[in-house]
Amino acid sequence: MHPMLNIAVRAARKGGNLIAKNYETPDAVEASQKGNNDFVTNVDRDAERLIIDIIRKSYPQHTIISEECGELSGEDQDVQWVIDPLDGTTNFIKRLPHFAVSIAVRIKGRTEVSVVYDPMRNELFTATRGQGAQLNGYRLRSSGARDLEGTILATGFPFKAKQHAGAYMTILGKLFNDCADFRRTGSAALDLAYVAAGRVDGFFEIGLKPWDFAGGELLVREAGGIVTDFVGGHNYLSSGNLIAGNPRVVKSILSSIREELSEALKR
């Protein structure tokens, strides 16, 4: 096992166990709003602290980028740990048991290691560049769908960027004519892990942050899928507009939505 994957797994499990423990005691959870429809809890922060402590013990010189604390610069700028301590905070607050810890290690701008851990199902999704993706040690392969017919697509509404609501609904309607159904679960990290596992055939969302997709992106690639922006390029790293699935599904989504994209979504 890659030494950094070992530490990422340990950190994800520790953070996930803390989240699961707090899920059982909802009265102790303190939630606050940090932005438009954007919530954070004391559990996000406690899990983040625990994860960072574990990483720092082994790699004190690495840089850490995390959802709640921002960027913690280390001496080594080439290695970045990108962390979402609790992806699916709203689900957690509402006691809907679907959320995950997401950790990715980027070396010189390329994701080398990733972990997405669902503590409620004890499902550990892992990937190392060039060595495939796994769920609890078993090899993952993305869906074998040939086009959109009969597919289940995962998505997330742009609830933090409602200026895109009209364009998003148009895209949704266009895709709904071609696919079988949608899933909207509230955790982009798990949506991407589910694409890697073939549980859903594809995924698209507007305006994600790097910590939302950094862990899941490598899972998809290592399971035989691809990740692009809304015009088939790689600008999703800055725009956060992301499509994932096997190459045929992504190609079908791209051609289906091409005519419906606003100028803002083509960037």
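Here is what the cut-offs are and how they apply
- Residues numbered from 1 in each chain as written.
- Predicted model: local features only at pLDDT ≥ 70, side-chain atom pairs only at ≥ 80, totals over all residues.
- Heavy atoms only, no water.
- Helix = DSSP H or I, 4+ residues; strand = E, 2+ residues; numbered from the N terminus.
- Rg over C-alpha atoms; globule rule 2.2 N^0.38 Å.
- Contact = heavy atoms within 4.5 Å.
- Areas by Shrake-Rupley, 256 points an atom, 1.4 Å probe, with all protein chains shown as cover.
- Lys, Arg positive; Asp, Glu negative; His and termini not counted.
- Charge placed at Lys NZ, Arg CZ, Asp CG, Glu CD.
- UniProt positions renumbered as here; feature names shortened; annotations may be inferred.
- 1 Å grid on protein atoms, 1.4 Å probe; cavity = no way out; pocket = protein on both sides within 12 Å on 5 of 7 lines; lining within 4 Å.
- Buried < 20%, exposed > 50% of the residue type's maximum accessible area, 1.4 Å probe, protein only.

## A word on the overall build of the protein
On a plain count of helices and strands, the protein comes out with 8 helices and 15 strands. For 267 residues, the compact-globule formula gives about 18 Å, and the C-alpha radius of gyration of the protein, at 18 Å, lands near that figure. By its C-alpha atoms, the protein is 50 × 40 × 35 Å across when sized along the principal axes. Taking as baseline every contact in the protein between residues at least 6 positions apart, the subset at least 24 positions apart corresponds to 62%. In the form shown here, the protein has an accessible surface area of approximately 11800 Å², with 48% of it arising from carbon and sulfur atoms. Across the protein, the centroid of the 32 positively charged side chains sits 3 Å from that of the 33 negatively charged ones.

## A look at the UniProt feature "binding site: Mg(2+)" (unreviewed entry) in the protein
Summarizing the sequence annotation, UniProt attributes the feature "binding site: Mg(2+)" (unreviewed entry) to Glu67, Asp84, Leu86, Asp87 and Asp212 in the numbering used throughout. Taken together, the annotated residues stretch across 146 residues yet fold into one region, lying no more than 9.7 Å apart by C-alpha. Of the annotated set, the members that line the largest pocket are Glu67, Asp84, Leu86, Asp87 and Asp212. Tracing the chain through its elements places Glu67 in the loop between β3 (62–66) and β4 (70–72). On the basis of relative accessible area, Glu67 is assigned to the buried category, the value being 16%.

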